[in-house]
Amino acid sequence: MSYNRVVCGVMSMLLLGVMSVGNAGADETGESRTADPHEILGQLAQQPRDTRAGLDATALNGKLLRMPESPHIYLVLDGVIRRIASPAILAHLFRTSCTIYENPFTALLTEGLPITEAYLLMGTPSGELNLFVDDKKRYIGSMALVNKYCFDTDQALRLPDSILRLIPKGLPVP
């Protein structure tokens, strides 16, 4: 894994930057998003207080959220919000046109571990795309998922398939 850490460190230094935030309700292809985070979060907020513990945000998987006036941006992954630890991670995972939804009810969602290291990995010559997070690769099975999560495939690290196979597998990206 030390080879991956070196590659990750070098890529972090090369990819430092701040992502510009768009507020449009559609992704780059012009397709409207299927789940409106504001509507879903509003419905969750209307639930009785005792049922809010451990809220599952599976319907929001792939969305980028933040509390109003907060610098912290969260990715909904596996039904929980995970704070994205640095602008560099935003820059090398997501397209600059991604919508970041600001909503005060974001605080109601269950918070998972922060994302402190993450990369898109593309196998060569296979073209297999994976999200590297939590020291595991998570298979991204379709372009629909790429668009749902607003991933920037141009930023993917190209690795020979023989090296990609050596990285431990995690669950596929939902």
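Cut-offs used in this document
Residues numbered from 1 in each chain as written. Predicted model: local features only at pLDDT ≥ 70, side-chain atom pairs only at ≥ 80, totals over all residues. Heavy atoms only, no water. Helix = DSSP H or I, 4+ residues; strand = E, 2+ residues; numbered from the N terminus. Buried < 20%, exposed > 50% of the residue type's maximum accessible area, 1.4 Å probe, protein only. Contact = heavy atoms within 4.5 Å. Pairing = 2+ DSSP bridges. Axes fitted to C-alpha atoms, helices over the stretch in contact; angles between N-to-C directions. Core = buried A, V, L, I, M, F, W, Y, C linked by side-chain atoms within 4.5 Å.

Moving on to the overall build of the protein. On a plain count of helices and strands, the protein comes out with 5 helices and 8 strands. Taken from the N to the C terminus, the helices and strands of the protein come in the order α-α-β-β-β-α-β-β-β-β-α-β-α. Put simply, the protein has 174 residues, and 46% of those count as buried. Sequence separation of 24 or more characterises 71% of the internal contacts of the protein that already satisfy a separation of 6 or more.

The subject of this paragraph is the sheet that holds strand E6 (residues 129-133). One open sheet accounts for 4 strands, arranged E7-E6-E5-E8; its pairing is mixed. Only two strands of the sheet have a single partner each, and these edge strands are strand E7 (136-139) and strand E8 (157-160). Direction aside, the axes of adjacent strands within the sheet are offset by 40 degrees on average.

Moving on, we come to unusual backbone geometry. The linkage connecting threonine 124 with the following residue, proline 125, adopts the cis geometry, with an omega of 10 degrees. With respect to the helices and strands, proline 125 occurs in the loop between strand E5 (118-124) and E6. In this structure, aspartate 134 is a non-glycine residue whose phi angle is positive, near 60 degrees. Mapped onto the fold, aspartate 134 is located in the loop between E6 and E7. Classification of aspartate 134 by relative accessible area gives partly exposed; the value is 44%. For cysteine 150, which is not a glycine, the phi torsion comes out positive at approximately 60 degrees. Inspection of the secondary structure assignment puts cysteine 150 in the loop between helix H4 (143-149) and E8.

For E6, a buried count of 5 out of 5 residues is recorded, marking the element as mostly surrounded by other parts of the structure. Across the two faces of E6 the burial is the same, with Leu129, Leu131 and Val133 and Asn130 and Phe132 all buried. Linkage of E5 to E6, two consecutive antiparallel strands, is achieved through a turn of 4 residues, within which glycine 127 is found at a positive phi near 80 degrees. Pairing geometry for E6 and E7, over 4 bridges, is antiparallel. Bridge pairing links asparagine 130 to tyrosine 139 in E7.

In this structure, Phe94 and Ile140 are the most contacted members of the largest nonpolar core, which totals 26 residues. Where this core is concerned, the elements lending two or more residues are strand E2 (74-77), helix H3 (87-93), E5, E6 and H4. Apart from residues no more than four positions distant in its own chain, isoleucine 140 is found in contact with Leu120, Leu129, Asn130, Leu131, Leu145, Val146, Phe151 and Val173.

Read these as layout, nothing more, since geometry by itself doesn't imply function.
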